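Observations on chain architecture
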Amino acid sequence: MLKIIDVKYQHKNAEDMYTYTMVVKPKEIVAIVGQSGSGKSTLLDLLAGFLPATSGSIKLDEDELIDETVEARPISILFQNHNLFEHLSVQKNILLGISKTLKSTHEELKKVKTILKEVGLEKYEHTIVSSLSGGQQQRVALARVLLRREPILLLDEPFTGLDADTRMQMLDLLKKITVENNLHTIMITHEIEDSERIANRVYKVENQKLVEQ
Ligand SMILES: Nc1ncnc2c1ncn2[C@@H]1O[C@H](COP(=O)(O)OP(=O)(O)OP(=O)(O)O)[C@@H](O)[C@H]1O
């Protein structure tokens, strides 16, 4: 279980102090909603370790993460802008999630095949990313994130810009992956249908706090 308790942060030169408290169980998807500028990304940045919390606790089971470095936290992140290398193949993009040199072992190549199957891209292993559709590219980004099998998955408006059918497919895939891998998934979204479709709970950032909806 992921327990976020009284995690506090104040942006430099700003007056507001943000305080975040919530719990995410394994296999759960929690949606984060709220107006633009309300503090949704600040929450993900604190969880990932991009911003240093001034106090509070982020505990995954018995492990305290609040003082861990970005690299040491058991967290994967998927952004809307998925940072793929468009001129490289699907396989190479995914391998970059584990190795910077692209020299891969037989084991790693096998892992890539398994993950591509999981996200429904097994036929595209050697396809150049720029020739894939937006939805397929998001699947590649999801596969890369999944390669490390971190127990906490953070998504910042991951499927915005995809057509409605593709977005629904991606949401269902995210749900399946979260349940099958016992992930603790936190997703920022502007779309009420997204949270209604897959979220176990919805929190709104309001007055610098999380309010369960
Ligand atoms: N580096 C910073 N320095 C000062 N203030 C910041 C900084 N980053 C964010 N803020 C402020 O903190 C508040 C929360 O920002 P945050 O990015 O978390 O909002 P958000 O809910 O993710 O917004 P959006 O939906 O527009 O992405 C905003 O008022 C923003 O201006």
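All figures in this text were calculated on a predicted structure; none of them were measured in a lab. Here, residues in each chain are numbered from 1, in the same order as that chain's written sequence. Local features in this predicted model are restricted to residues of pLDDT 70 or higher, and side-chain atom pairs are both shown and tallied only at a pLDDT of 80 or more, whereas totals for entire chains, interfaces and linings draw on every residue.

Describing the overall build of the protein chain
Test applied: Helix numbering and strand numbering both begin at the N terminus, where a helix is a DSSP run of H or I of at least 4 residues and a strand a DSSP run of E of at least 2. Radius of gyration here uses only the C-alpha atoms, and the compact-globule reference equals 2.2 Å multiplied by the residue count raised to the power 0.38. Residue burial here comes from a neighbour count, namely the number of other C-beta atoms, placed from the backbone, that lie within 10 Å of the residue's own C-beta, with 20 or more meaning buried, 12 or fewer meaning exposed, and in between meaning partly exposed. The contact rule is simple: place each C-beta atom from the backbone, and if two of them lie within 7 Å, those residues are in contact.
For the protein chain, the helix and strand inventory stands at 6 helices and 10 strands. For a compact globule of 213 residues, the expected C-alpha radius of gyration is about 17 Å, and the protein chain comes in at 17 Å, within 12% of that figure. Taking the principal axes of the C-alpha coordinates as reference, the protein chain spans close to 50 × 35 × 35 Å. The burial tally for the protein chain puts 34% of its 213 residues in the buried class. Contacts in the protein chain between residues at least 24 apart in sequence constitute 68% of all its contacts with a sequence separation of at least 6.

Some details on the site of the ligand
In plain terms, the rule: Using a C-beta atom placed from the backbone for every residue, we mark a residue as near a molecule or strand if that atom lies within 6 Å of it. Note on residue categories: nonpolar means Ala, Val, Leu, Ile, Met, Phe, Trp, Tyr, Cys or Pro, charged means Asp, Glu, Lys or Arg, and polar means any other residue, Gly included.
Within the structure, the ligand sits among His11, Lys12, Ala14, Gly34, Ser36, Gly37, Ser38, Gly39, Lys40, Ser41 and Thr42. Residues belonging to the shell around the ligand are distributed by class as follows: 1 nonpolar, 8 polar and 2 charged.

Observations concerning unusual backbone geometry
Positive phi values are uncommon outside glycine, yet Lys27 reaches one of about 75 degrees. Lys27 sits in the partly exposed class, given 15 other C-beta atoms within 10 Å. You will see that Gln208, though not glycine, has its phi angle at about 65 degrees, which is positive. Accessibility expressed as a C-beta count within 10 Å gives 17 for Gln208, which makes it partly exposed.

Here we look at helix α4 (residues 134-146)
Worth spelling out the cut-off: Helix span, as expected, comes to 1.5 Å for every residue beyond the first.
With 13 residues, α4 extends 18 Å from end C-alpha to end C-alpha; this agrees with the ideal 18 Å at 1.5 Å per step. Taken residue by residue, α4 has Gln138, Arg139, Val140, Ala141, Leu142, Ala143, Arg144, Val145 and Leu146 as its buried positions. Elements that come into contact with the buried residues of α4 comprise β6 (75-79), α2 (90-95), α3 (106-118), β7 (152-156) and α5 (164-180).

Overview of the confidence of the model for the protein chain
Cut-off, in case you're wondering: pLDDT gives the predictor's per-residue confidence on a scale running from 0 to 100.
Mean pLDDT for the protein chain: 91, with 98% of residues reaching 70 or above. Predicted as a complex, the structure gets a pTM of 0.90 and an ipTM equal to 0.94.

Considering the pairing of strand β1 (residues 2-10)
What counts, and what does not: When DSSP finds at least two bridges between two strands, those strands are taken to pair.
Here β1 pairs with strand β2 (residues 17-24) via 7 bridges, running antiparallel. By the bridge assignment for β2, Gln10 is matched with Met17. In this structure, the hairpin formed by β1 and β2 is closed by a connection of 6 residues, where Asn13 is found at a positive phi of approximately 60 degrees. Judged from the 5 bridges that link them, β1 and strand β4 (residues 55-60) form a sheet pairing that is antiparallel.

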